[in-house]
Amino acid sequence: MSRFLSFILLTAMLFICGCAGDPHSSRKKLAESFVTALAGEDQETFWQAFAPEMQEKIIKNSGGDEDRARETLFNVFLTAVKEKYQIKEPEDIVEKKELFRKITDDLLQDAKGKFIKSDGKWYINADF
């Protein structure tokens with residue numbers, strides 16, 4: 001099965017099981033959306049997982065260039081995930097449900113206390 005098709009199937013599965021919905025409705029849904037964004041190399045969805053205040057701080061630390069900030073942060077996270085889980089391509093994350101679940105669970109555990117709820121929505125708000 002092609003990697004693109006695997007990604008589409010995972011996205012459809014998440015939508016059907018209710019995991020897609022509003023990615024900010026719970027810590028778990030946010031983590032799933034975050035990992036799916038990494039797998040699909042979707043920098044925009046990845047970026048939206050971070051609290052607006054955190055985004056502003058990251059942009060400021062990147063010289064005021066939002067595109068550069070988003071791309072740099074995305075690449076740092078993607079590289080870290082690929083190294084930690086010995087993944088060759090980001091799409092590998094969605095090809096194995098157990099790997100997707102492991103990465104999501106690890107994010108929830110490792111970032112415990114780094115999720116905040118603001119205006120009824122969950123975000124990542126931490127310096128990693």
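Scroll up to find the structure.
This is a predicted model, so every value here is computed, not measured. (Residues numbered from 1 in each chain as written. Predicted model: local features only at pLDDT ≥ 70, side-chain atom pairs only at ≥ 80, totals over all residues. Heavy atoms only, no water.)

How do you make sense of helix H5 (residues 66-84) when you look at a structure like this?
At 3.6 residues per turn, the α-helix brings residues three or four places apart onto the same side. The first and last C-alpha atoms of H5 sit 27 Å apart over 19 residues, in line with the 27 Å expected at 1.5 Å per residue. Buried-residue contacts for H5 involve helix H2 (27-39), helix H3 (43-48), helix H4 (52-61), helix H6 (92-95) and helix H7 (97-110). Count one or two residues on from H5 and you reach Gln86, which has phi positive near 50°. (Helix = DSSP H or I, 4+ residues; strand = E, 2+ residues; numbered from the N terminus. Expected span 1.5 Å × (residues − 1). Contact = heavy atoms within 4.5 Å.)

For this particular structure, what's the right way to read the nonpolar core?
Soluble globular proteins tend to pack their nonpolar side chains together in the buried interior. Ranked by internal contacts, the top residues of the largest apolar core, which has 35 residues, are Phe34, Leu38, Phe46, Phe50, Ile93, Ile103 and Phe115. Secondary structure elements with two or more residues in this core: H2, H3, H4, H5, H6, H7 and strand E2 (121-124). Among the elements that take part in this core, H2 stands out by supplying seven residues, more than any other. Those residues in contact with Ile93 that lie beyond four places of it in its chain are Val35, Ala39, Val81, Ile87, Leu99, Phe100 and Ile103. (Core = buried A, V, L, I, M, F, W, Y, C linked by side-chain atoms within 4.5 Å. Buried < 20%, exposed > 50% of the residue type's maximum accessible area, 1.4 Å probe, protein only.)

Would you mind going over the pattern of salt bridges with me for this structure?
The final tally for this structure, using the stated rule, is five salt bridges. Here Glu44 ties to Arg70 by a salt bridge, and the two come within 3.1 Å at their closest N and O atoms. Residue Glu44 is found in helix H3, and its partner Arg70 is found in helix H5; the two are separated by 26 residues along the sequence. The exposure class assigned to Glu44 is partly exposed, which follows from its relative accessible area of 38%. For the salt bridge of Glu66 with Arg70, the shortest nitrogen-to-oxygen distance reads 3.5 Å. Residue Glu66 and its partner Arg70 are both found in helix H5; the two are separated by four residues, about one turn of the helix. Classification of Glu66 by relative accessible area gives partly exposed; the value is 36%. By relative accessible area, Arg70 is classed as buried at 13%. Among the charged side chains, a network of salt bridges with common partners joins Glu44, Glu66, Asp67 and Arg70. (Salt bridge = Lys/Arg side-chain N within 4 Å of Asp/Glu carboxyl O.)

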